[in-house]
Amino acid sequence: MCGIIGYTGYSEARGILLKGLKTLEYRGYDSAGVAVYHPDFKEVLVSKCEGRVEKLEMRTADVRGTAGIGHTRWATHGGVSDENSHPHKFGSVTLVHNGIIENYAAIKNQLGIARRLKSQTDSEVVAALIDNYYIDDPKEAIINAVKELSGTFGLGIMFDDVPNKLFAVRNVSPIICCQNEDGAYIASDIMAIGEYSEKYFVLPEFSIAEISADSIEITDFNGNAIEPEYLTLDWDIKNSGKCGYPFYMEKEIMEQPEVIEKTISSRIKNGAPDFTADNVDDSIFTDCDNVTVIACGTAMHAGLVGKHLIEKFCRIPVTVNMASEYMYNDPIINERTLVICVSQSGETIDTLEALKYARRRGAKSLSIVNVKGSTIARESENVIYTNAGPEIAVASTKAYTTQVAVFYLIAAKIAQLRELFDEERTAEFVGELSKIPAAVTDVLERRNDIHLLAKGMLTSEHTFMIGRGLDYSSLLEASLKLKEISYIHSEAFASGELKHGTIALITDQTPVIALMTQSDLQSKQVSNIREVQSRGAVVLTFVKKSLVQHGECSFELPDMHDDFMAIPSIIALQLLAYYVSSDKGLDVDKPRNLAKVVTVE
């Protein structure tokens, strides 16, 4: 969850570090800091503070030097304070850390350093451990220290007596490296350094990067040179700003027709889904008896749509699991199970650990991620990259809809391979899928109508959402969007369950959002709407055009086949949440207590 940036080269480090930290703000943080080697004092000087990068920027106006490391911290060990902020310095060692060290207390006691520590963090203990081993060889000290660590870590390290050099090492938590004619860069996220080179690599686990202005040398713990695997950045980082929108979230909502189109069209060949370019072999879809989807939050909701599609069209049982609970529920899994892991960042720690667990149990694996070279992508046997591009807002929008688009393609591919779809049926499915970008555009063009609806919810404390079938899966995501950016308590209910207890929550003037896109369930959903209205609820109805009845619709959704309504409907509800949040004057992109990338359990 924390953000790391590092630079050594021929320019002043301060500006590069601060710019990188501002780019990493979307990951979520509560404090920030930089450490720069000062050529006159001949040591690494640390500047850090609780609060935003802008505050740090004011504190570091006089910082000079051409090599340094920076950090945005999300508090885990120890509260939010200047002292607990990174970087941490102990003796001659200064470092930044992403991850959690599980045995830091034992190491602290072993070293007998409790009274010398300035913070409550596990990270400062790592600096002390490296300093304890350091005599004259930085790599040897790092190796000896890392061998004692239990947990996850991405470390950027500097030594007072090794001027203008950085060192990096990692386990699970990512470290990205690149270089150009002006120097060399490290970061926890390609977004922070992608503008400097389109070629980059992910530092292999348990190897050490020695970084100077002109080179990045990688060695394993035995001193053997490692040639890194370079990747090519296919996002236009320079166009990743707000482009005139007040918030990234609005920009990313508006980008969805384009990114959905790219995700779909790149995998259609001769009127049928084709994953050849992804190097995904057909056998993973034919040699399985069941599918397990593992994900967290929004990605898990995409998996629920995938479950509906695969079970309906492919007649294969699908379970959807919260990654954080998966390993602890003794799941039924074997070599005939296909595990599909879903993650925007590809770094979600709970999903990663669940993937590793499933593979140890013999399952085949396929991951749906948005970031090339991410840890989940590398740990999976097969990977399908969405074409969402960089997503900065904490609340996911375009990443979710491109994940759902991939599930549509997977469902069609499995049905085709198992001869449940003939050529004509496949073409019909793909044809309907190809209409989604236009349907999304239709919703976006009428966003002002949704904005008007949002104005009636600004003072709400509680909101409930009701739907049936596929609509219920969509509402789980819609409810999450509303609560995470507007701070309104929101719950999604399967409409048919109202009478089994939850209707007790409906009182006079309670806002209820009803979604109705499933033709076979229309009469039942109308009945459920009447039930909550009779208890005094104020109902906003989002209804597919062909299902609209007189006086029944607050916002009309475009007409598509029922099974393809998951994306157009969620776009409308993303907009609703966005407008409620922005009209309340909240920071839409950075909701309180949340981080974009969850890399700690």
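The rules behind these values
- Residues numbered from 1 in each chain as written.
- Predicted model: local features only at pLDDT ≥ 70, side-chain atom pairs only at ≥ 80, totals over all residues.
- Heavy atoms only, no water.
- Phe/Tyr/Trp six-rings, centres within 6.5 Å; stacked < 30°, edge-to-face > 60°.
- Helix = DSSP H or I, 4+ residues; strand = E, 2+ residues; numbered from the N terminus.
- Buried < 20%, exposed > 50% of the residue type's maximum accessible area, 1.4 Å probe, protein only.
- Lys NZ or Arg CZ within 6 Å of the ring centre and 35° of its normal.
- 1 Å grid on protein atoms, 1.4 Å probe; cavity = no way out; pocket = protein on both sides within 12 Å on 5 of 7 lines; lining within 4 Å.
- Points joined across faces, edges and corners; volume = space filled by probe spheres on them.
- Nonpolar A, V, L, I, M, F, W, Y, C, P; charged D, E, K, R; others polar.
- Pairing = 2+ DSSP bridges.
- Axes fitted to C-alpha atoms, helices over the stretch in contact; angles between N-to-C directions.
- Contact = heavy atoms within 4.5 Å.
- Core = buried A, V, L, I, M, F, W, Y, C linked by side-chain atoms within 4.5 Å.
- Right-handed = clockwise from strand over helix to strand, strands pointing away.
- Lys, Arg positive; Asp, Glu negative; His and termini not counted.
- Salt bridge = Lys/Arg side-chain N within 4 Å of Asp/Glu carboxyl O.
- Parallel < 35°, antiparallel > 145°, perpendicular 65-115°, else oblique.

### Considering the packing of aromatic side chains
According to the stated counting rule, one finds 19 aromatic pairs in the structure shown. Both rings, one in Phe-201 and one in Tyr-230, keep their centres 5.2 Å apart while their planes meet at 75°; by these two values the pair is edge-to-face. Taken together, the residues Phe-201 in strand β11 (residues 199–202) and Tyr-230 in strand β14 (residues 230–232) connect sequence positions 29 residues apart. Given the relative accessible area of 1%, Phe-201 is considered buried. On the basis of relative accessibility, which here comes to 40%, the residue Tyr-230 falls in the partly exposed class. Aromatic pair Phe-421 and Phe-429: ring centres 5.6 Å apart, planes at 50°, arrangement tilted. Given the relative accessible area of 6%, Phe-421 is considered buried. Judged by relative accessible area, which is 1%, Phe-429 ranks as buried. Among the aromatic residues, those joined into a ring-pair cluster are Phe-313, Tyr-408, Phe-421, Phe-429 and Phe-564. Over the face of the ring belonging to Phe-421 we find Arg-425, whose NZ or CZ atom lies 4.6 Å from the ring centre. Its guanidinium or amino end placed over the ring of Tyr-487, Arg-592 lies 3.8 Å from that ring's centre, counting from NZ or CZ.

### Some details on empty space enclosed by the protein
Sizing a probe to match a water molecule and rolling it over the atoms shows the empty space that remains. Applying the stated criterion to the full structure yields 2 cavities of 30 Å³ or more. Within this model, the largest cavity holds a volume of roughly 190 Å³. Taken together, the residues of the lining of the largest cavity sort by class into 10 nonpolar, 5 polar and 5 charged.

### Comments concerning the sheet that holds strand β8 (residues 166–171)
Strand order in the open sheet made by the 6 strands is β5-β6-β7-β8-β12-β13, with antiparallel pairing throughout. Single-partner strands in this sheet number two, and they are β5 (88–90) and β13 (215–220). The sheet shows a mean angle of 25° between the axes of neighbouring strands, taken without regard to direction. Of the pairings in the sheet, the one linking β8 to strand β12 (residues 207–212) comprises 3 bridges and is antiparallel in character. Among the inter-strand pairings, Ala-168 is bridged to a residue of β12, identified as Ala-209. Here helix α4 (residues 122–133) sits on the sheet and contacts β5, β6 (93–101) and β7 (151–159); the angle it forms with β6, its principal contact strand, is near 130°. Where helix α5 (residues 138–146) meets the sheet, its contacts fall on β7, β8, β12 and β13, and the angle it forms with β8 comes to roughly 20°.

### Section: the sheet that holds strand β17 (residues 290–295)
Ordered in space as β18-β17-β19-β20-β21, the 5 strands form an open sheet in which the pairing is parallel. Strands at the two margins of the open sheet, each flanked by one partner only, are β18 (318–322) and β21 (382–385). On average, adjacent strands in this sheet sit at an angle of 20° to one another, irrespective of strand direction. Sheet contacts for helix α9 (residues 297–314): β17, β18 and β19 (337–343); angle to β18, the most-contacted strand, approximately 175°. On top of the sheet, helix α11 (residues 349–360) reaches β17, β19 and β20 (364–369); it is set at about 165° to β19, its chief contact.

### Remarks on the nonpolar core
The tendency in soluble globular proteins is for nonpolar side chains to be buried as a group. Counting residues in each nonpolar core, the largest one holds 89 residues, and the members touching the most others are Ile-340, Tyr-408, Ile-410 and Phe-542. For Ile-340, the contacting residues outside a window of four places in its chain are Val-291, Thr-292, Val-293, Ile-294, Leu-366, Ile-368, Phe-407 and Ile-410. By size, the runner-up hydrophobic cluster in this structure holds 29 residues, among which are Leu-129, Tyr-134, Phe-159 and Val-169.

### Some points on the pairing of strand β22 (residues 462–467)
Counting buried positions along β22 yields 5 of 6 residues, so the element is predominantly enclosed. Across 6 bridges, the pairing between β22 and strand β23 (residues 489–494) is parallel. Bridge pairing links Gly-467 to Ala-494 in β23. Read from β22 through helix α17 (residues 470–486) to β23, the crossover connection turns out right-handed.

### Notes on the side chain of Glu-124
By the element assignment, Glu-124 lies in helix α4. Salt bridges are absent for the buried Glu-124, whose nearest opposite-charge side chain, Lys-118, sits at 6.4 Å. Among all residues touching Glu-124, those that are not within four sequence positions of it are His-88, Lys-89, Phe-90, Arg-116, Leu-117, Lys-118 and Ser-119.

### Here we look at the environment of Gly-65
By the secondary structure assignment, Gly-65 is in the loop between α2 (53–59) and β4 (67–73). Once residues lying within four places of it in the same chain are set aside, the contact partners of Gly-65 are Ser-11, Glu-12, Ala-13, Arg-14, Val-36, Tyr-37 and Pro-39.

### Considerations on the packing of helix α13 (residues 398–417) against helix α14 (residues 423–433)
Two numbers describe a pair of packed helices, the interaxial angle and the distance between the axes. Packing of α13 against α14 leaves a shortest axis separation of 10 Å and a crossing angle of 175°. Between α13 and α14, the angle is such that the two are roughly antiparallel. Here Tyr-408, Leu-409, Ala-412 and Gln-416 of α13 lie close against α14, whose contacting residues are Thr-426, Phe-429 and Leu-433. Looking at the contact of α13 with α14 residue by residue, the class counts come to 5 nonpolar, 2 polar and no charged.

Interpretation note: all reported values are geometric properties and have no functional meaning in isolation.
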